[in-house]
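# Coordinates in review
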Amino acid sequence: MLKFWREHKIAGILVTIIRFVAGYAWLTAGWHKLTGAKPFDATGFLQAAVNNPVLDKATGEAVYPTYTAFLEHFALPNIKIINHAIPLGEFLVGLGLILGTLTVTAAFFGALMNFMFMFAGTVSTNPWLLLLGMVVIFAGANAGRFGLDRFVLPLIHKGLDRLLHRKPKDMTTGAGLIVK
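What counts, and where the lines are drawn
One numbering rule holds for all chains: residues counted from 1, following each sequence as written. Where totals are concerned, whole chains, interfaces and linings use all residues; where local detail is concerned, this predicted model gives features only for residues with pLDDT of at least 70, and gives and counts side-chain atom pairs only at 80 or more. Hydrogen atoms and water are omitted, and side-chain values are computed over all heavy atoms in the structure. Scored from 0 to 100, pLDDT reflects the predictor's confidence in each residue. A run of DSSP states H or I qualifies as a helix once it reaches four residues; a run of E qualifies as a strand once it reaches two. Both are numbered from the N-terminal end. Whether two residues are in contact is decided by their heavy atoms: any pair within 4.5 Å suffices. Grid points spaced at 1 Å and placed over the protein atoms alone form the basis of the search, with a cavity being a set where a 1.4 Å probe fits but cannot get out and a pocket an open set showing protein on both sides within 12 Å along at least five of seven lines. Lining residues have an atom within 4 Å of a point. Grid points are joined across faces, edges and corners, and a volume is the space filled by probe spheres set on the points. Criterion for a salt bridge: a side-chain nitrogen of Lys or Arg within 4 Å of a carboxyl oxygen of Asp or Glu. When a residue's accessible area, from a 1.4 Å probe over protein chains only, is under 20% of the maximum for its type it is buried; when over 50% it is exposed; and in between it is partly exposed. Asp, Glu, Lys and Arg are counted as charged, while Ala, Val, Leu, Ile, Met, Phe, Trp, Tyr, Cys and Pro are counted as nonpolar; the rest, among them Gly, fall into the polar class. Under the counting rule used here, the positive set is Lys and Arg, the negative set is Asp and Glu, and His together with the chain ends is not counted. The arc refers to the directions leading from the helix axis to the C-beta atoms.

### A look at the confidence of the model for the protein
In this model, the protein carries a mean pLDDT of 92, and residues with pLDDT of at least 70 account for 93%. Summarising per-element confidence for the protein, the mean pLDDT is lowest in helix H1 (residues 2-7) (91) and highest in helix H5 (residues 79-99) (98). Here residues 175-180 scores under 50 on pLDDT; set against residues more than four positions off or in separate chains, the count is 11 contacts.

This is the structure we're talking about:
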């Protein structure tokens, strides 16, 4: 099944549709926060997550105490950075998914944000976007087959080959043949 998602042209088409759906959700969420009438402020949300952490129903203890500590001791003291990072991150994840540029990286950071929001106790669209993001991640390079990754990834590989003084691989066949 993984081979299908990573290599098949039909899977590339399906993942492109998935990218557009998830990308639109991320892009619009970030755009509304970036351009809203009031500047985005996560202080209340983060403070509520610290004051009312996700609790184990049986023991009443916090389920994610390290995440709560992260919010309390890093995120809240650096709220100005967080208030810029969240909307910009959402917007860039959406843009990357829609354009198919650094697609797997965009999906990874989207999934990371989904987990962070869920650790704070918010369900909303996070499980749905996480599921779509995981499909994109599993598809690997095939997720950007019908996007700008088709051009960007070979350039990145070529630059890394030069930087690391490696002989370039034949990127057209993926066979690892030396191009002369």
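### Comments concerning the layout of surface pockets
Computed from the structure, the largest pocket encloses a volume of approximately 470 Å³. Around the largest pocket, the lining is made up of 22 residues, and of these Ala 85, Ile 86, Leu 112, Met 113 and Met 116 lie nearest the centre. Those elements that place two or more of their residues in the lining of the largest pocket are helix H3 (43-51), helix H4 (65-75), H5 and helix H6 (103-119).

### Some details on the pattern of salt bridges
Tallied over the entire structure, the rule returns three salt bridges. Between Arg 166 and Asp 161 there is a salt bridge whose closest N-O contact spans 3.0 Å. Its relative accessible area of 44% is what places Arg 166 among the partly exposed residues. Taking the relative accessible area as the measure of exposure, Asp 161 reaches 10% and is therefore buried.

### Some details on unusual backbone geometry
Located in the positive-phi region is Leu 102, a residue other than glycine, with phi close to 50°. Its place among the elements puts Leu 102 in the loop between H5 and H6. We classify Leu 102 as partly exposed; its relative accessible area is 38%.

### Here we look at empty space enclosed by the protein
Per the stated rule, a full pass over the model turns up one cavity of 30 Å³ or more. Estimated volume of the largest cavity: approximately 30 Å³. Around the largest cavity, the lining residues are Ala 22, Trp 26, Val 93, Leu 97, Ala 106, Ala 107, Gly 110, Ala 111, Asn 114, Leu 129 and Gly 133. For the lining of the largest cavity, the secondary-structure elements that each account for two or more residues are helix H2 (9-35), H5, H6 and helix H7 (126-139). It is H6 that contributes the most residues to the lining of the largest cavity, five residues altogether. Residues that form the lining of the largest cavity fall into these classes: eight nonpolar, three polar and no charged.

### Things to note about the side chain of Arg 19
Position of Arg 19 among the secondary structure elements: in helix H2. No salt bridge forms around the buried Arg 19; measuring N to O, its nearest opposite-charge neighbour Asp 149 is 7.0 Å away.

### Quick look at H3
Looking only at H3, the buried set comprises Leu 46, Ala 49 and Val 50. The buried residues of H3 occupy one face: seen down the axis, they fall within an arc of 100°. Of the residues in H3, the exposed ones pointing more than 90 degrees away from the buried face are Gly 44 and Asn 51. Looking at the packing, one finds that the buried side of H3 touches H4 and H5.

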